[in-house]
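Structure at a glance
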Amino acid sequence: MSRVAIVTGGTRGIGAAISKLLHQNGYKVAAVYAGNKERADAFTAETGIRAYQWSVADYDECVAGVKQVERDLGPVDIVVNNAGITRDSTLHKMSSEQWQTVIDTNLGGCFNMCRAVIDGMRERGFGRIVNIGSINGQAGQYGQVNYAAAKSGIHGFTKALAQEGAARGITVNAIAPGYIDTDMVAAVPANVLEKIVAKIPVGRLGRAEEIARGVQFLVADEAGFVTGSTLSINGGQHMY
Ligand code: CAA
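Residues numbered from 1 in each chain as written. Predicted model: local features only at pLDDT ≥ 70, side-chain atom pairs only at ≥ 80, totals over all residues. Heavy atoms only, no water.

As for the overall build of the chain
- Within the chain one finds 9 helices and 7 strands.
- A globule of 240 residues ought to have a C-alpha radius of gyration of about 18 Å, and the chain, at 17 Å, matches this closely.
- Oriented by its inertia axes, the alpha-carbon framework of the chain measures out at about 50 × 40 × 35 Å.
- Taken over 240 residues, the chain has a buried fraction of 48%.
- Residue pairs in contact within the chain that sit at least 24 positions apart in sequence constitute 70% of those at least 6 positions apart. (Helix = DSSP H or I, 4+ residues; strand = E, 2+ residues; numbered from the N terminus. Rg over C-alpha atoms; globule rule 2.2 N^0.38 Å. Buried < 20%, exposed > 50% of the residue type's maximum accessible area, 1.4 Å probe, protein only. Contact = heavy atoms within 4.5 Å.)

Next comes the structure, spelled out in structure tokens:
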């Protein structure tokens with residue numbers, strides 16, 4: 001029996017690497033994207049993985065999207081909450097919109113997706129939820145009160161839901177990536193990024209595939225005793 005996995009933000013960056021690795025390992029994967037149809041179509045053409053368009057920030061869209069995936073692929077066993085955005089700015093220049101949109105997508109998206117799948121997982125007595133947090137949710141980051149708050153929230157959310165799911169066969173874990181070579185990190189000003197990379201003991205940015213390996217470990221049927229944990233994959237930048 002192949003398990004069904006939803007990966008949000010699943011057609012680009014870290015999410016694309018997760019979708020591909022799960023697909024290679026025999027999972028039925030639904031990769032969710034918010035808006036970049038061109039990249040999503042290219043991803044599907046390259047990998048054969050189905051892409052679905054909805055906003056994780058919208059609860060009703062998540063509920064409808066999960067129903068569609070279940071019609072196409074079957075009941076959802078695994079959710080990887082990877083979708084995330086940045087709107088970096090120091091607090092004194094940050095608009096309320098920059099704050100809210102990051103909270104709604106990065107943290108609200110985690111609630112919306114988990115809420116949409118939790119009843120089915122409870123009924124079936126099995127679930128694997130992996131939430132992608134961040135080193136910047138653990139340690140904070142200059143220019144990211146919105147992002148750090150949302151990612152930090154994800155780590156608390158993970159531990160709370162892990163307690164609720166444990167008796168029903170549902171594990172809930174987080175991965176806290178460091179700086180990974182993706183479009184998101186490429187958008188950091190070059191002079192700032194140079195200083196960040198200089199502080200990574202491994203001496204380079206991470207690769208999306210290195211995060212995907214962690215997800216693969218956590219979603220396995222055999223990982224039933226791992227719950228409420230955070231796996232930091234950051235090249236030694238922050239030892240937490
Ligand atoms: N610590 C201390 N001071 C800092 C600093 C830091 N980390 N970064 C910048 N500053 C200082 C600058 O040196 C500068 O000081 P001076 O004026 O005295 O020279 C001052 O702050 C203003 O800096 P900027 O000119 O950069 O200000 P800005 O308003 O144009 O931009 C910013 C501010 C938007 C925060 C910009 O610095 C930035 O984009 N930083 C990157 C933030 C970052 O790391 N984001 C991570 C994105 S990737 C991601 O989030 C994925 C993940 O999970 C890891």
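Moving on from the model shown.
A look at helix α2 (residues 37-47)
- All of the buried residues in α2 are Ala 40, Phe 43 and Thr 47. Down the axis, α2 shows its buried residues gathered within 60° of arc, on one side only. Turned more than 90 degrees away from the buried face of α2 sit Glu 38, Ala 45 and Glu 46, all of them exposed.
- Backbone geometry just after α2 places Gly 48 at a positive phi near 80°. (Arc of directions from axis to C-beta.)

Observations regarding the packing of aromatic side chains
- Under the defined criterion, the tally for this structure stands at 2 aromatic pairs.
- We note Arg 3 situated over the ring of Phe 126; from NZ or CZ to the ring centre the distance is 3.6 Å. (Phe/Tyr/Trp six-rings, centres within 6.5 Å; stacked < 30°, edge-to-face > 60°. Lys NZ or Arg CZ within 6 Å of the ring centre and 35° of its normal.)

A closer look at the sheet that holds strand β2 (residues 28-33)
- Within the open sheet, the 7 strands sit side by side as β3-β2-β1-β4-β5-β6-β7. Their pairing is parallel. Of all strands in the sheet, those with a lone pairing partner are β3 (50-53) and β7 (230-233), marking the two edges. Averaged over all adjacent pairs, the angle separating strand axes in this sheet is 20°, with direction ignored.
- The pairing of β2 with β3 spans 4 bridges and is classified as parallel. The residue of β3 that forms the bridge with Tyr 33 is Gln 53.
- Across the sheet, helix α6 (residues 145-165) lies against β5 (127-132), β6 (170-177) and β7, angled at about 160° from β6, the strand it touches most. (Pairing = 2+ DSSP bridges. Axes fitted to C-alpha atoms, helices over the stretch in contact; angles between N-to-C directions.)

So, the site of the ligand
- Near the ligand you find 19 residues, and of these Lys 93, Ser 134, Gln 141, Tyr 142 and Tyr 147 are the closest.
- A distance of 2.5 Å separates an oxygen atom of the ligand from a polar side-chain atom of Tyr 142.
- Contact between the ligand and Tyr 179: an oxygen atom at 2.9 Å from a side-chain N or O atom of the residue.
- Relative to its unbound accessible surface of 1100 Å², the ligand loses 58% to contact with the protein.
- Of all the elements in the fold, those that place two or more residues in the shell around the ligand are α5 (135-139), α7 (183-186) and α8 (190-198). (Near = heavy atom within 4 Å. Polar contact = N/O pair within 3.5 Å; in protein donor to acceptor, adjacent residues only side chain to side chain. Areas by Shrake-Rupley, 256 points an atom, 1.4 Å probe, with all protein chains shown as cover.)

Looking at helix α3 (residues 59-73)
- Relative to the 21 Å expected for 15 residues at 1.5 Å per residue, α3 spans 21 Å between its end C-alpha atoms, a close match to the ideal helical length.
- Inspection of α3 places Cys 62, Gly 65, Val 66, Val 69 and Leu 73 among the buried residues, and these make up the whole buried set. Seen along its axis, α3 keeps its buried residues to an arc of 100°; they face one direction. In this structure, α3 carries Asp 60 and Arg 71 as exposed residues pointing more than 90 degrees from its buried face.
- In the core, the buried residues of α3 are packed alongside β1 (4-8), β2, β3 and α4 (96-124).
- You can read the cap of α3 off the contacts: a side-chain oxygen lies 3.0 Å from the backbone nitrogen of Asp 60, and it is on Asp 58.
- Positive backbone phi, at 115°, marks Gly 74, one or two positions downstream of α3. (Expected span 1.5 Å × (residues − 1).)

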